Amino acid sequence: MNTIQKNEVRTGKVVDLTHEGHGVVKIDRYPIFVPNSLIDETIEFKIIKVKKNFAIGKLLTIATTSPERVEPPCVYYYKCGGCQLQHMSYETQLAMKKEQVITLFHRKANFNSTIIGDTIGMTNPWRYRNKSQIPIGKNSDDQAIMGFYRQRSHDIINMDECLIQDEQHQHMMNFIKQCCNELNISIYNEKTKKGLLRHLVVRTGHHTNDLMVILVTNGKQFPQAQQLISRLIQNFPQVTSIKQNINTTHSNVIMGDQSYTLYGEDKIIDTLSEITFKISDQSFYQINSAQTEKLYQKAIDYANLAGNEIVLDTYCGIGTIGLYMAPKAKHVYGVEVVKEAIEDAKQNAQLNEFENTTFVCGKAEDVILQWKQEGVHPDVVMVDPPRKGCDETFLNTLLALEPKKIVYISCNPSTQQRDAQILATKYNLTQITPVDMFPQTTHVETVALFERLTSNE
Ligand code: SAH
């Protein structure tokens, strides 16, 4: 029986970490999750929520400090929900991410013989985001503010810098704030649903240094657009594209379906390992380019192409993985559900002069079946689904296609583990490598290699 009461102050030793990075203290086997505490720390905490199977505690004091504790460099860290691990040394973050994969695949499933590699980290785990999405609001003095939502709320906290964003983005953010005030630009209010400018989205080409600015507005009329554009290009000559995106919905989705080019190019260009990519504002593009190169390299190592293979790139986005593999494959087929992304993929194949690629817009689960019916026999299938993982019909078609290898990249190892159990009927999950795409946060990305079982295994 749990005897813990709300508002009680207790002391205990942290024995584990949750996947959200919260310390776990146990009192008579009843777990209390305490954010911002680390393993082996003896802490004093106040119980703020009591549930049947667990409680939540608020850290008050640390009696014994872990050697893994570091001072979070960001002044907004404890208010902002963006990062969760800044109080933990980077080595510990990498170890924690590997440990989570071990727990999921070795302890919670039977993939005991799967080799789980060390998490591939960054040399400098800051300033890695090539895309920032910043909400805009007003403070009580009617001045424009831009920053982040307070944890578990939609109150905007004004900020001047974010240490995981590209530094140019914060200069752009502070400049736009100033322009909003000077040009008296109407600003959207989430409560009244009135006002114009809602979000600033900035994208940088990691290797090209191209800069795309997207002004997300609640409606098309934008009276001060020309004045804002001329100020922007005068102060930021590296801007290659300014777009207006219209979002009149009242949901949490940041961008709407319609975009217009206000200045410059309609797409941003980036290069990854000598391949050039044009990226529309609506297309998915990995946000940490330096780590993307390592992730894709690992995936290519796992695929180990000899040059005569048929490769499928499923959930392909703008075709990055498939185009990376095209020089080493006989033919690459890509599928993706977002129309703009597939148009980018086709254009990118042309731009890089690859003639051995086919990109199709549709749901991976439908298109893979269509390819099977057309007699496509893949040797290697790359799988890179969104957080919810793969549709079961997709996995069943994949099993029926029997490629020699499946390389499965995932931004959510728990759905990957679920899908792996279906693939395990015909495949041996030989290796998994976590790659740290999102330092300072709890997000874990993995790449896994499945090899077809031979009939006598
Ligand atoms: N491989 C790409 C994109 C990975 S993100 C890269 O590395 O950049 C996952 C992609 O899956 C997104 O582009 C998303 O639009 C797409 N997607 C989501 N559901 C899908 C489905 N059912 N079929 C095909 N693509 C889908």
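Residues numbered from 1 in each chain as written. Predicted model: local features only at pLDDT ≥ 70, side-chain atom pairs only at ≥ 80, totals over all residues. Heavy atoms only, no water.

A.B. asks: What exactly am I supposed to notice about the overall build of the protein here?
C.D. replies: A tally of helices and strands in the protein yields 9 helices and 22 strands. For the protein, whose C-alpha radius of gyration is 24 Å, the value lies close to the compact-globule estimate of 23 Å for 457 residues. Viewed in the frame of its principal axes, the protein has a C-alpha envelope of about 65 × 65 × 35 Å. Every one of the 457 residues in the protein was classed for burial, and the buried ones make up 54%. Pairs at least 24 apart in sequence give 63% of the contacts found in the protein among residues at least 6 apart. Put simply, the protein shows about 21,200 Å² of open surface, and 47% of that area lies on carbon and sulfur atoms. (Helix = DSSP H or I, 4+ residues; strand = E, 2+ residues; numbered from the N terminus. Rg over C-alpha atoms; globule rule 2.2 N^0.38 Å. Buried < 20%, exposed > 50% of the residue type's maximum accessible area, 1.4 Å probe, protein only. Contact = heavy atoms within 4.5 Å. Areas by Shrake-Rupley, 256 points an atom, 1.4 Å probe, with all protein chains shown as cover.)

A.B. asks: Help me out: how do you make sense of the UniProt feature "binding site: S-adenosyl-L-methionine" (unreviewed entry) in the protein in this one?
C.D. replies: Summarizing the sequence annotation, UniProt attributes the feature "binding site: S-adenosyl-L-methionine" (unreviewed entry) to Q286, Y315, E336 and D384 in the numbering used throughout. Structurally, Q286 can be placed in the loop between β15 (275-279) and α4 (289-303). Beyond its immediate stretch of four places on either side in the chain, Q286 contacts N130, T292, L295, Y296, D384 and M437. Inspection of the secondary structure puts Y315 in the loop between β16 (310-314) and α5 (320-325). A relative accessible area of 16% means that Y315 is categorised as buried. (UniProt positions renumbered as here; feature names shortened; annotations may be inferred.)

A.B. asks: Can you help me understand the packing of aromatic side chains in this one?
C.D. replies: Describing an aromatic ring pair means giving the distance of the ring centres and the angle of the ring planes. Within the structure shown, the criterion is met by 9 aromatic pairs. With a centroid separation of 5.9 Å and 50° between ring planes, the pair formed by F105 and F111 is classed as tilted. One residue, R198, lies across the ring of Y188, its end atom 4.2 Å from the ring centre. One cation-aromatic arrangement involves K220 over Y260; the distance from NZ or CZ to the ring centre is 4.3 Å. (Phe/Tyr/Trp six-rings, centres within 6.5 Å; stacked < 30°, edge-to-face > 60°. Lys NZ or Arg CZ within 6 Å of the ring centre and 35° of its normal.)

A.B. asks: How should I be thinking about unusual backbone geometry in this particular structure?
C.D. replies: For residues besides glycine, phi is generally negative; the peptide bonds are generally trans as well. One non-glycine residue, N36, lies in the positive phi region at around 70°. With respect to the helices, strands and loops of the structure, N36 is situated in the loop between β3 (30-34) and β4 (42-50). Judged by its relative accessible area of 23%, N36 is partly exposed. Positioned with a positive phi, S273 is a non-glycine residue whose angle comes to about 45°. Structurally, S273 is set in the loop between β14 (268-272) and β15.

A.B. asks: Would you take a moment to explain the domain arrangement of the protein for this structure?
C.D. replies: By domain assignment, the protein separates into domain 1 (9-64), domain 2 (94-123 + 274-452) and domain 3 (131-268). A straight line from the C-alpha centre of domain 1 to that of domain 2 covers 37 Å. (Domains from an automatic or database assignment.)

A.B. asks: Looking at this model, I keep getting lost on the sheet that holds β16. Mind explaining?
C.D. replies: The strands making up a sheet associate through backbone hydrogen bonding, with each pair oriented either parallel or antiparallel. Pairing in this open sheet of 8 strands is mixed, and the strands run β6-β21-β22-β20-β19-β16-β17-β18 from one edge to the other. Since the sheet does not close on itself, it has two edges, and those belong to β6 (115-116) and β18 (357-361), each with one partner. The sheet contact formed by β16 and strand β19 (residues 380-383) spans 4 bridges and is parallel. For V311, the partnering residue across the bridge sits in β19 and is V380. (Pairing = 2+ DSSP bridges.)

A.B. asks: Would you explain the site of the ligand in this entry?
C.D. replies: Around the ligand, 17 residues are found, and the nearest of them are Q286, Y296, E336, A364 and D384. The backbone of V337 places a nitrogen or oxygen atom 3.3 Å from a nitrogen atom of the ligand. Within the contact set of the ligand, a nitrogen atom lies 2.8 Å away from a side-chain nitrogen or oxygen of D384. Calculation on the ligand without its partners gives an accessible area of 580 Å², and the protein chains cover 88% of this total. When contributions to the shell around the ligand are tallied by element, the ones reaching two or more residues are α5 and α7 (364-373). The residue makeup of the shell around the ligand, split by class, is 9 nonpolar, 4 polar and 4 charged. (Near = heavy atom within 4 Å. Polar contact = N/O pair within 3.5 Å; in protein donor to acceptor, adjacent residues only side chain to side chain. Nonpolar A, V, L, I, M, F, W, Y, C, P; charged D, E, K, R; others polar.)

A.B. asks: Looking at this structure, how should I read the nonpolar core?
C.D. replies: A general feature of soluble globular proteins is that nonpolar side chains tend to end up buried together. Among the nonpolar cores identified, the biggest contains 88 residues, and M172, L200, L215, L232 and M325 are the most heavily contacted of them. A domain-level breakdown of this core finds at least three residues from each of domain 2 (94-123 + 274-452) and domain 3 (131-268). Core analysis: the next-biggest nonpolar cluster, separate from the first, contains 35 residues, F394, L399, L423 and I432 among them. (Core = buried A, V, L, I, M, F, W, Y, C linked by side-chain atoms within 4.5 Å.)

A.B. asks: Would you mind going over the sheet that holds strand β7 (residues 131-138) with me for this structure?
C.D. replies: Taking strand neighbours across the sheet as the criterion, the 7 strands line up as β9-β8-β7-β10-β11-β12-β13 in an open arrangement whose pairing is mixed. On the outer flanks of this sheet lie β9 (156-158) and β13 (258-264), each paired with one strand and no other. Direction aside, the axes of adjacent strands within the sheet are offset by 35° on average. One ladder, built from 7 bridges, connects strand β11 (residues 211-217) with strand β12 (residues 239-246); its direction is parallel. Counterpart to I214 in the pairing with β12 is K243. (Axes fitted to C-alpha atoms, helices over the stretch in contact; angles between N-to-C directions.)

A.B. asks: Mind showing me how you'd approach the UniProt feature "active site" (unreviewed entry) in the protein here?
C.D. replies: Mapped onto this structure's residue numbering, the UniProt feature "active site" (unreviewed entry) falls at C411. Structurally, C411 can be placed in the loop between β20 (405-410) and α9 (413-423). Residue C411 is classed as partly exposed on the basis of its relative accessible area, which comes to 21%. When sequence neighbours within four positions are dropped, the list of residues in contact with C411 reads P385, P386, R387, V444 and E445.

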